[in-house]
Every structure is written in C-alpha cells, then in structure tokens.
Amino acid sequence: MLPPTMMSQQMWATMGSTLASFMFIWAIIRQYCPYELRHFLERYSHRVTGYFYPYIEISIHEFTGDRLKRSEAYSSVEAYLSSNTSKSAKRLKAEMVKDSSNLVLSMDEYERATDDFRGTKVWWVLFKSVSPGGRSMSMAYYPDQEKRFYKLTFHKKYRDIITVDYLNHVVNEGKEIRVRNRQRKLYTNSPGYKWPSYKQTMWSHIVFEHPATFETMALDPEKKKEIIEDLVTFSKSKDFYARIGKAWKRGYLLYGPPGTGKSTMIAAMANLLAYDIYDLELTAVKDNTELRKLLIETTSKSIIVIEDIDCSLDLTGQMKKRGAAEKGFLEEEVKGGGAWKERIKEPKEEVYGGSSKVTLSGLLNFIDGLWSACGGERLVVFTTNYVEKLDPALIRRGRMDKHIALSYCTFDGFRVLAKNYLRIERHETFDEIEKLMGVTKMTPADVAENLMPKSPNDDPEKCLSNFIQALEEVKGEAAKKKYEEIKEIDTSKEEEVAVEEEEGGGNKEVEGKRDLVANIIRAARASE
Ligand SMILES: Nc1ncnc2c1ncn2[C@@H]1O[C@H](COP(=O)(O)OP(=O)(O)OP(=O)(O)O)[C@@H](O)[C@H]1O
Ligand SMILES: [Mg+2]
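Right, let's walk through the structure included here. (Residues numbered from 1 in each chain as written. Chains lettered and ligands numbered in written order. Predicted model: local features only at pLDDT ≥ 70, side-chain atom pairs only at ≥ 80, totals over all residues.)

1. Remarks on helix α3 (residues 72–84)
For α3, with 13 residues, the first-to-last C-alpha span of 18 Å sits near the 18 Å given by 1.5 Å per residue. Among the residues of α3, those classed as buried are Ser76, Val77, Glu78, Ala79, Tyr80, Leu81 and Ser82. (Helix = DSSP H or I, 4+ residues; strand = E, 2+ residues; numbered from the N terminus. Expected span 1.5 Å × (residues − 1). Buried ≥ 20, exposed ≤ 12 C-beta atoms within 10 Å, placed from the backbone.)

Structure (structure tokens):
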C-alpha cells in the first residue's frame with residue numbers, strides 16, 4: 001500500500017473533496033448539535049476513518065505536561081533524525097543546542113523524511129502548532145506558544161516491529177548521538193559550600209576542555225598501547241559485564257612521583273572515551289551519607305577521580321602524624337628532578353567544618369557497594385605519590401582493577417615531548433640525550449619545562465642545547481649527592497679503620513669504597 005505522500009493525484013483529489021464535504025458537515029454538527037451527540041460522533045469518527053486509513057501515526061511532543069522540561073524522547077528522536085535522515089530531508093535547520101559542542105542539524109518544520117528499518121518504510125514529519133497568546137484574568141500578557149512535535153507514520157501491518165523494535169532503536173541511537181555530541185563537563189564538589197535547598201545537585205561544573213591526549217603523552221609505547229586497549233575494551237563491554245553479573249565500572253590506580261603525568265593521563269582518558277570527569281574532593285565531604293549522595297548524582301560515561309588519595313583520607317589512622325618522614329621519603333624518590341620541591345604535597349586539611357567523617361569503609365562502599373552500580377559505564381581513578389601507604393583493602397584487584405606506575409621520563413618519552421614541543425623527530429643530539437637520560441632521573445614535567453623556549457628567539461636547536469645542559473646539571477647534582485652519602489658512610493668507616501689499624505688489621509671494604517668515592521668525585525668535577 002502506498003503511503004499518504006505517494007498516492008496518485010486522482011486519489012488525492014477524491015479524498016480531498018470527500019474530506020472537504022466531511023469537514024463542512026462536521027462544522028455544522030459541531031455548531032448546532034447537543035454536546036452528548038457531538039462527543040459520541042467524535043469518538044466514532046476516529047473508528048470509521050481507521051477502517052479505510054491503513055496507517056498508524058505516533059506523535060512525540062517536545063514538551064509534556066508543565067512545559068518545564070524538554071521531553072527526553074523528543075530530544076532523542078531529534079538527534080536520531082539529525083544524523084539518519086539529514087540525507088533524505090531537503091530542508092534542514094542548524095542550531096547551537098544547549099550542552100552540545102557543535103552545530104546540530106535537524107529537520108525543518110513541516111519537512112518530511114523517510115527512514116528504512118529492516119525493510120520497513122516509515123515517514124517522519126516535524127509539525128508545529130501555535131496556540132495564540134492573550135491576556136490572563138489579571139491582565140498579564142502571555143505570548144503565543146509554539147508546540148513542536150514529530151509525527152511518525154507507518155503501515156498498520158508493521159505495528160509490532162515499529163512500536164517496539166524501531167522506536168527502541170531510535171531512542172537508543174538518539175541517546176548515543178546526544179552523548180557523542182554533548183559538551184563534556186568537569187564537575188567538582190566545592191569545599192565548604194552550603195548547598196541551597198533549591199539547588200538540585202551537589203556538583204558544580206565547568207566545560208571540560210583539557211587538550212591532553214595519549215598521543216601527546218610521554219609514555220612507554222607498549223604501556224600506552226596496553227592502557228588504550230584496556231580503556232577501549234571497557235567502554236565496549238556493556239554486554240560482557242551484564243553477562244558476568246558485574247557492575248559496569250573499572251578502577252584505576254595511578255601512582256608515581258609528582259610530575260609524571262597522573263593528572264594528565266586522567267584528562268587523556270576522558271578525551272579518549274569522551275567521558276565527563278567528576279573530580280571528588282574527599283576532604284570536602286561531610287560524611288559517608290553525603291559521599292553516597294554525590295555518587296548517586298554522577299552520570300554514566302564518566303570518570304570519578306580522587307586525586308592524592310593518601311592525603312585525602314585518614315586511611316591508616318596516621319595521616320596527621322605523617323609529614324617530615326614522608327617528605328624525606330619523597331625527596332629520596334625524586335632526587336633526580338629539579339622542580340619537584342614545590343610539588344611535594346602536605347596531607348590536606350579537612351575542609352568541611354574541619355571534621356570530614358568519611359571513613360575507609362564508606363569509601364570502599366562508594367567504590368563497590370550496592371550503590372556503585374547505579375549509572376554504569378564509569379571509571380574510578382585514584383592517584384597517589386605513595387602507593388605503599390594505602391590500605392591494601394582499598395587497592396586490591398576488583399576495586400582498583402588496574403595499577404599503573406608512572407615514572408621518570410625515558411628516551412622514548414623524550415621523543416614524544418620533542419615532537420610536541422619542538423616538532424623534531426630526529427636530531428644529531430639525540431644520541432647524546434639518550435645516553436644522558438640513561439643515567440639521570442627527570443620527570444616528564446621537568447623534561448617538558450626544559451624543552452620550552454626561554455626567550456622568543458629560542459629555536460629548536462637552542463631548546464635542545466638548554467635541555468642537554470639541564471641533563472648535565474641533574475647528572476652532576478646526583479653524583480655530588482651520592483658522593484656526600486658515601487663520604488658520610490666512609491667517615492664513620494674510617495673511624496672504625498683507625499681503630500682496626502691501631503689494632504694492626506686492614507679493611508678491604510673501606511679501601512674499595514675510597515676508590516669509588518674518588519671516581520665519583522672525578523665524575524662530578526667533569527660534569528661541572
Ligand atoms: N607523561 C607525560 N607526558 C606529557 N606531559 C607530561 C607528562 N607528565 C607530566 N607532563 C607535563 O607536566 C605537567 C604536570 O603533570 P601532571 O600534573 O600530570 O603530573 P602529576 O603526576 O599529576 O603530578 P602530581 O603528583 O604532582 O599531581 C603537565 O601539565 C604536563 O604538561
Ligand atoms: Mg596530579
């Protein structure tokens with residue numbers, strides 16, 4: 001059977017005149033007949049037309065009920081049609097839709113578009129009706145109200161396939177298109193903020209526009225490939241997680257010295273998967289109940305981040321006692337670096353009225369309790385400089401499924417940064433740089449800083465020579481430090497030797513050490 005749009009001219013003419021006569025008679029009846037009769041006729045006229053009109057129509061309105069919220073179904077249909085029917089529709093409109101990152105094309109009003117679903121043809125039309133404005137009883141003026149709705153028309157013999165399968169397909173695909181095109185957000189729970197009762201969410205947000213990608217990250221290529229594959233596999237595993245009965249989420253623990261790219265990697269993850277980020281400031285959370293509320297408000301396709309987890313929560317009961325001892329540990333860890341001193345982190349002050357009552361068990365519940373399954377498709381990422389300080393329960397597999405160590409910059413990492421910063425892939429100085437990087441410890445943050453032009457006239461050659469100089473300095477500093485340490489041991493040993501020699505014996509170990517110290521001093525002087 002032909003659709004209404006494709007009937008022959010003659011059929012249209014016959015139908016048109018019948019309809020006109022019918023409308024005329026109907027107008028007279030409406031005016032003169034009593035309400036009961038009119039109501040009866042209205043009910044049965046639909047049935048009568050149903051006998052000779054073999055099409056079914058479904059309307060999807062933009063606003064329903066109180067007009068406060070746009071209908072989800074309408075938005076999904078709009079997104080679906082914008083990508084699927086833009087080829088068949090001839091009049092389209094382009095708009096910058098709220099929360100969308102680019103121009104969105106959609107069918108213009110009264111435009112018809114066809115779609116094909118498993119060999120079944122359907123027709124979509126966007127209609128607009130205007131209800132006239134006027135004055136209310138209080139004489140306040142209210143404007144004309146435009147109501148838009150999509151009308152879907154299909155033959156009645158396809159009722160089941162269209163009302164169930166096709167509509168589901170349209171809504172699901174439309175939702176996915178909306179997620180893909182949306183403006184991504186960076187959410188945070190502001191510390192100490194008193195949430196007004198009318199405010200519906202505990203998160204505040206800005207548009208997320210971090211430029212980091214895995215391509216621009218200085219990371220061992222094998223490791224990079226492994227992490228990307230892990231993330232992409234996760235994002236495509238909805239059915240797998242459902243089959244094994246596990247909530248669709250995955251925990252990542254990123255650890256390493258400051259400036260090795262933990263925060264940068266989170267931004268790269270979000271950009272790879274087009275996820276939002278919820279940056280959770282744990283010390284600003286009053287208690288476990290508030291933590292759960294925050295969790296419930298997060299949406300799917302997002303990364304929940306807790307940075308410096310060791311500084312955020314008294315996981316071992318030792319947080320306040322830490323300090324100097326850990327600083328010492330960290331200095332040991334990053335002694336090869338330069339700018340690390342400013343980046344050493346103190347345990348964070350609790351900001352919620354000075355008494356955050358979030359406990360370890362509250363946090364464990366947050367990660368994998370019953371509530372954690374709400375929303376689905378989420379990554380939970382913890383970062384820390386002190387992985388060994390964390391409670392094993394917190395980071396066991398299943399909670400933090402993947403542990404990623406980020407460390408000092410390798411030569412491969414340097415090459416990525418040289419390509420990003422200087423647009424150089426190969427240079428005669430690279431061999432020397434490779435040798436120097438083999439014996440020094442420099443974080444990617446320091447490498448990046450040293451590759452930056454220091455004046456407007458610095459060309460890539462100059463930046464590379466600055467970098468080599470910085471590597472030499474780090475090497476010299478490390479050698480000096482080693483020398484100081486050995487000298488210290490040596491002095492104490494010398495005292496022992498003096499006693500032993502007085503007693504008539506020699507000490508081979510100390511003699512060996514002396515040679516080593518002499519070599520180190522020579523190396524340190526050479527590098528100065
Ligand atoms: N692996 C990397 N690749 C590219 N750039 C990096 C990398 N690591 C660090 N950087 C650069 O150094 C800066 C600091 O890095 P980032 O903030 O990610 O370090 P971090 O590991 O999170 O440090 P912290 O432990 O102090 O939070 C970044 O802005 C980035 O420019
Ligand atoms: Mg960081």
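2. Quick notes on helix α8 (residues 288–296)
Within α8, the full set of buried residues consists of Leu291, Leu294 and Leu295. Looking down the long axis of α8, one finds its buried residues gathered within 100° of arc, a one-sided arrangement. Within α8, the exposed residues directed more than 90 degrees away from the buried face are Thr289 and Ile296. Here the buried face of α8 lies against α11 (360–368). (Arc of directions from axis to C-beta. Contact = placed C-beta atoms within 7 Å.)

3. A closer look at unusual backbone geometry
Of all residues except glycine, most have a negative phi; of all peptide bonds, most are trans. The phi dihedral of Ala274 falls on the positive side, at around 55°, and the residue is not glycine. Considering the arrangement of structural elements, one finds Ala274 in the loop between α7 (262–273) and β12 (276–279). A residue is classified by how many C-beta atoms lie within 10 Å of it, and Ala274, with 14 of them, is partly exposed. Unusually for a residue other than glycine, Lys301 sits at a positive phi of about 55°. Turning to its location among the elements, Lys301 is positioned in the loop between α8 and β13 (302–306). Taking the C-beta count within 10 Å as the criterion, Lys301 has 20 such neighbours and is therefore assigned buried.

4. Some details on the pairing of β13
Summarising burial for β13: five of the five residues are buried, a large majority. Covered by surrounding structure in β13 are Ser302, Ile304 and Ile306 together with Ile303 and Val305, the residues of both alternating faces. As defined by bridge partners, β12 adjoins β13 across four bridges and the pair is classed as parallel. Paired with Ile277 across the strands is Ile303, a residue of β13. In this region the chain leaves β12, passes through α8 and returns to the parallel neighbour β13; the handedness of that crossover is right-handed. Pairing analysis gives five bridges linking β13 to strand β14 (residues 378–384), with the strands arranged parallel. Note on β14: the bridge partner recorded for Ile304 is Val380. (Pairing = 2+ DSSP bridges. Right-handed = clockwise from strand over helix to strand, strands pointing away.)

Interpretation in functional terms is not warranted from these geometric data alone.
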